[in-house]
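So you can see what is in the structure, the chains are spelled out below.
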Amino acid sequence: MSRLKASVIVLFAICFISFAVLLSLGSEIYQEAPPIPSKVVTTSGKVIFTKKDIEQGELVWRSMGGHELGSVWGHGSYVAPDWIADWLHRENQAWLNILAKQQFGQLYATLANPKQAFLQQQIRDEIRQNSFNPTTKVITISNDRGLAIDEVIAHNIKLFGNDKSLDKLRQDYAMKNNTIPSREHREELNAFLFWGAWAAVTNRPNENYSYTNNWPYDPSIGNIPTSDNIVWSVLSLVVLLMGIGGLAWY
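Residues numbered from 1 in each chain as written. Predicted model: local features only at pLDDT ≥ 70, side-chain atom pairs only at ≥ 80, totals over all residues. Heavy atoms only, no water.

**Notes on the overall build of the protein chain**
Item 1. Looking only at helices and strands, the protein chain features eight helices and six strands.
Item 2. Counting helices and strands in the order they occur from the N terminus, the protein chain gives α-β-β-α-β-β-α-α-β-β-α-α-α-α.
Item 3. Considered along the principal axes of its C-alpha atoms, the protein chain spans approximately 80 × 40 × 40 Å.
Item 4. Here the protein chain holds 250 residues, and 37% of them are scored as buried.
Item 5. Of the contacts made within the protein chain by residues no fewer than 6 positions apart, 55% connect residues no fewer than 24 positions apart.
Item 6. Working note: accessible area of the protein chain is about 14700 Å², and carbon and sulfur atoms make up 61% of it. (Helix = DSSP H or I, 4+ residues; strand = E, 2+ residues; numbered from the N terminus. Buried < 20%, exposed > 50% of the residue type's maximum accessible area, 1.4 Å probe, protein only. Contact = heavy atoms within 4.5 Å. Areas by Shrake-Rupley, 256 points an atom, 1.4 Å probe, with all protein chains shown as cover.)

Here is the structure:
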């Protein structure tokens, strides 16, 4: 057998195996994808987002360049932030302040460490609990979390618009003014970002890790990468480097 013929056979074998693995993993990912709720409501019955809001928000995300401006779940450019990590951080901070004022009459930052740890654990216990009802397809959240979400929504509406108070932040993120001119579209984008954040921090049913394997990293809300996450991330990098090295050597 000639060397050329052997190389072609190896190439086709590699392609076949690669696509078989991709199709298998793709099917598994599709089946285990985080659910899109029919709506997100507070315990008092206030509707925060609907399924239509989330789906339209994804289209808004794509229309503004998507992964060219920041990232979602770690996928995209890194000039602007990962919007899911940004949402989780801002929601967490707003929520902590709401609880601190309610329970201690102070801002969170002014509390002693034991009180801060107490509030952090309260939020961690609630935010990781999966309140998605598979029958009604409704996610129910507490009224306090709803208030924290309202604060994040208000921030993003200003950030993706042209509010003067956030000019410096837009400059840091390499964003233009009025990135999303329509207020309605900015509100829909918030729905998509919330859903992404919910999936990133909410435990899968009967598991102790989220739909995204606790990514992005945020120990304050219990998002610490699982062992599988670390092993497969390192292994994929090692195999990639070995493949490049083998190709260069050949």
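On we go from here.
**Considering the pairing of strand β1 (residues 39-42)**
Item 1. Of the pairings in the sheet, the one linking β1 to strand β2 (residues 47-50) comprises three bridges and is antiparallel in character. From the neighbouring strand, lysine 39 faces β2, where its bridge partner is threonine 50.
Item 2. Hairpin connection of β1 to β2: four residues between the antiparallel strands, including glycine 45 at a positive phi of 100 degrees.
Item 3. In this sheet, strand β6 (residues 138-141) lies alongside β1 in parallel orientation, the contact comprising four bridges. (Pairing = 2+ DSSP bridges.)

**Quick look at helix α2 (residues 51-63)**
Item 1. Taking 1.5 Å per residue as the helical rise, α2 with its 13 residues ought to reach 18 Å, and the 19 Å between its terminal C-alpha atoms agrees with that figure.
Item 2. Among the structural elements, β2, β3 (71-72), α3 (83-104) and α7 (183-201) are those in contact with the buried residues of α2.
Item 3. Looking one or two residues beyond α2, the residue adopting positive phi is glycine 65, at roughly 110 degrees. (Expected span 1.5 Å × (residues − 1).)

**Description of the packing of aromatic side chains**
Item 1. All chains considered together, the criterion is met by eight aromatic pairs.
Item 2. An angle of 45 degrees between the planes, with centres 5.8 Å apart, marks the rings of tryptophan 73 and tryptophan 195 as tilted. With tryptophan 73 in the loop between β3 and β4 (75-76) and tryptophan 195 in helix α7, this pair connects stretches of sequence that are 122 residues apart.
Item 3. Owing to a relative accessible area of 24%, tryptophan 73 belongs among the partly exposed residues under this scheme.
Item 4. Taken together through their ring pairs, the aromatic side chains of Trp61, Trp73, Phe192 and Trp195 make up a single cluster. (Phe/Tyr/Trp six-rings, centres within 6.5 Å; stacked < 30°, edge-to-face > 60°.)

**A word on the side chain of histidine 155**
Item 1. Among the secondary structure elements, histidine 155 is positioned in helix α5 (residues 143-159).
Item 2. The exposure class of histidine 155 is buried, given its relative accessible area of 13%.
Item 3. Once residues within four sequence positions are removed from consideration, histidine 155 is found in contact with Arg90, Leu166 and Leu169.

**A look at a nonpolar patch on the surface**
Item 1. Taken together, Ile230, Val234, Val238 and Met242 make up a surface patch of nonpolar side chains, about 380 Å² in accessible area.
Item 2. Mapped onto the elements, methionine 242 comes out in helix α8 (residues 227-249). (Patch = residues over 30% accessible without salt bridge, like charges linked within 9 Å, V, L, I, M, F, W, Y side chains within 5 Å. Salt bridge = Lys/Arg side-chain N within 4 Å of Asp/Glu carboxyl O.)

**So, the layout of surface pockets**
Item 1. The space that makes up the second largest pocket amounts to roughly 210 Å³.
Item 2. Surrounding the second largest pocket, Ser7, Val10, Leu11, Ile14, Gly246, Leu247, Trp249 and Tyr250 form its lining.
Item 3. For the lining of the second largest pocket, the leading source of residues is helix α1 (residues 3-31), giving four residues. (1 Å grid on protein atoms, 1.4 Å probe; cavity = no way out; pocket = protein on both sides within 12 Å on 5 of 7 lines; lining within 4 Å. Points joined across faces, edges and corners; volume = space filled by probe spheres on them.)

**Quick word on the pattern of salt bridges**
Pairs can form between side chains of opposite charge whenever their charged atoms are close.
Item 1. For the structure on display, the rule yields seven salt bridges.
Item 2. For aspartate 86, the salt bridge is made with arginine 90, and the minimal N-O distance between the two is 3.1 Å. Remark: arginine 90 and aspartate 86 occur in helix α3; sequence separation between them is four residues, near one turn of the helix.
Item 3. The class of arginine 90 is partly exposed, set by a relative accessible area of 25%.
Item 4. In this structure, the salt-bridge partner of arginine 183 is glutamate 187, at a minimum N-O distance of 3.2 Å. Of this pair, arginine 183 and glutamate 187 both sit in helix α7, four residues apart, which is roughly one turn of the helix.

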